Amino acid sequence: MDVFGPNILYGYDIKCAFEKILLQSSLADDVKRLNIQGVVPAFHGHAHNRLCQVQHHSKYMVGAGKEDFETCERVFSESTVMHRHLRFHHHLCQRTTTLSNHII
């Protein structure tokens, strides 16, 4: 945690529950000292109750900006679409070309 420095803001689907665990762990002092805070990502926030949303949703967190903290979800979603194309390519060259085209 010291490598990244203080004031880190992370997104986690169950941040509200994870924060309680984190603050009871051996990492608690470092989390407090480095001001590491989390948010519930925009899409997942609607599954939480109103109090949880107000306390943990990304749109209410100062410093979150317009980030929705769902980048990993989008990458995973795109990779499942790409998998359909890759499974039919038997040669490494075809797979590499498909991956390159998708990423670029």
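Our subject in this report is the structure included herewith. (Residues numbered from 1 in each chain as written. Predicted model: local features only at pLDDT ≥ 70, side-chain atom pairs only at ≥ 80, totals over all residues. Heavy atoms only, no water.)

1. Some thoughts on the packing of aromatic side chains
So, point 1. Throughout the structure, instances matching the rule amount to 2 aromatic pairs.
So, point 2. Ring centres 6.1 Å apart and planes at 90 degrees place the aromatic pair Y10 and F18 in the edge-to-face group.
So, point 3. In this structure F18 comes out as partly exposed when scored by relative accessible area, which is 28%.
So, point 4. With a centroid separation of 5.1 Å and an interplanar angle of 85 degrees, the aromatic rings of Y12 and F18 are classed as edge-to-face.
So, point 5. Using a relative accessible area of 35% as the deciding quantity, one classes Y12 as partly exposed.
So, point 6. Ring-pair connections join several aromatic residues into one group, and the members of that group are Y10, Y12 and F18. (Phe/Tyr/Trp six-rings, centres within 6.5 Å; stacked < 30°, edge-to-face > 60°. Buried < 20%, exposed > 50% of the residue type's maximum accessible area, 1.4 Å probe, protein only.)

2. With respect to helix 1 (residues 15-23)
So, point 1. Along helix 1, the residues that are buried comprise K15, C16 and L22. Buried residues of helix 1, seen end-on, are gathered within an arc of 120 degrees and therefore sit on one face of the element. Those residues of helix 1 that are exposed and aimed more than 90 degrees away from the buried face are K20 and I21.
So, point 2. Buried-residue contacts for helix 1 involve strand 1 (9-11), helix 2 (28-33), strand 2 (37-39) and helix 4 (50-56). (Helix = DSSP H or I, 4+ residues; strand = E, 2+ residues; numbered from the N terminus. Arc of directions from axis to C-beta. Contact = heavy atoms within 4.5 Å.)

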